[in-house]
Amino acid sequence: MTFDPKDCGTCPIRHRAVCARCEADELDALDGIKFYRSFEAGQSVIWSGDNMDFVASVVTGVASLSQAMEDGRTQMVGLLLPSDFLGRPGREFAAYDVVAVSNLTLCCFRRKPFEQIMLQTPHIGQRLLEMTLDELDAAREWMLILGRKTAREKIASLLTILARREASLALQTAENGTSFELPLTRESMADYLGLTLETVSRQMSAFKREGIVLLEGKRKVTIPDFDALMAETGDDADGGMVA
């Protein structure tokens, strides 16, 4: 199905986005304050501390969330994947630097009108609460990944998360043969995982050599045995669909 911005029914994130439970009249209300913005890889979406007059759902692509440290270094603290929500109702200023990691499309809503519609539309508030709790779980998971896992486990964990999200967007469960386009360069993976580029390249090559992943071209990743990849993460997760 081809995505038509004028038809929410064709939206690839419709069943996971903040509007997932909206009825037709509620979608009409959102449509009145909606606009799309596109960014090229490497382009800034917003800087920390800037006035943020919109909130948005990621339709396609990936963005990074980063925060500057006192010594001038920048730490990537999160990723926004398709269907993730950018911004907070009631928060006037951006909390993080947001940069497009790949070509990015956002479905944006003007913040003030969105806050009003949210108060009048329980479906939006309920879904936003669910997404916020999912984000909290993801943040806790990344604290574990970055703090306690080996380089190999970190990379396997990231690949698992990306595979699950891709499957979820297709209303499927990640399984043997799951394929997806890797949205991050190896440099971005290294930055996000706190590793060197050489380490990421070495571990990806090892996964390919051992048949844990299949790599086609620059970005296509296929997982022939999802349980084998899960075993490399150091987790006991069941590989189920992302909530």
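Right, let's walk through the structure included here. Residue positions are given per chain, counted from 1 along the sequence in the order it is written. Confidence filtering applies because this is a predicted model: local features only for residues at pLDDT of at least 70, side-chain atom pairs given and counted only at 80 or more, and all residues used for totals across whole chains, interfaces and linings. The side-chain values count all of the structure's non-hydrogen atoms but skip hydrogen atoms and water molecules.

## With respect to the nonpolar core
So, step 1. In terms of nonpolar packing, the biggest core is built from 33 residues, with Ile155, Leu158, Leu159, Phe180 and Met189 touching the most fellow members.
So, step 2. In DSSP terms, a helix is any run of H or I states spanning at least four residues, a strand is any run of E spanning at least two, and both are numbered starting from the N terminus. Within the residue set of this core, elements represented by two or more residues are strand S5 (74-80), helix H4 (151-169), helix H5 (186-193), helix H6 (197-209), strand S11 (220-223) and helix H7 (226-233).
So, step 3. Ranked by residues supplied to this core, first place goes to H4 with eight residues.
So, step 4. Note on definitions: a residue-residue contact is assigned when non-hydrogen atoms from the two residues lie within 4.5 Å. For leucine 159, the contacting residues outside a window of four places in its chain are Phe180, Leu182, Met204, Phe207, Val213 and Leu229.
So, step 5. Throughout this description, the term nonpolar core refers to a set of buried Ala, Val, Leu, Ile, Met, Phe, Trp, Tyr and Cys residues connected via side-chain atoms within 4.5 Å. Buried, partly exposed and exposed residues are distinguished by accessible area as a fraction of the type maximum, computed with a 1.4 Å probe on protein chains only: under 20%, between the cut-offs, and over 50%, respectively. Within the second largest apolar cluster, 21 residues are counted, among which are Cys11, Ile13, Cys19 and Ile124.

## What to know about the packing of H4 against H6
Geometrically, a packed helix pair is captured by the angle between its two axes and the distance between the axes.
So, step 1. In this analysis, axes come from line fits to C-alpha atoms, helices being fitted only over the stretch in contact, and the angle between any two N-to-C directions falls in the range 0 to 180 degrees. Orientation of H4 relative to H6, taken along the N-to-C sense of each, is 70°, at an axis distance of 10 Å. The pairing of H4 with H6 is recorded here as roughly perpendicular in orientation. Contacts from Ala151, Arg152, Ile155, Ala156 and Leu159 of H4 reach H6 at Thr199, Val200, Gln203, Met204, Ala206 and Phe207.
So, step 2. Ten residue types, Ala, Val, Leu, Ile, Met, Phe, Trp, Tyr, Cys and Pro, are classed as nonpolar, four, Asp, Glu, Lys and Arg, as charged, and the remainder, Gly among them, as polar. A per-class count over the contact of H4 with H6 returns eight nonpolar, two polar and one charged. An angle below 35 degrees is read as roughly parallel, one above 145 as roughly antiparallel, one from 65 to 115 as roughly perpendicular, and any other as oblique.

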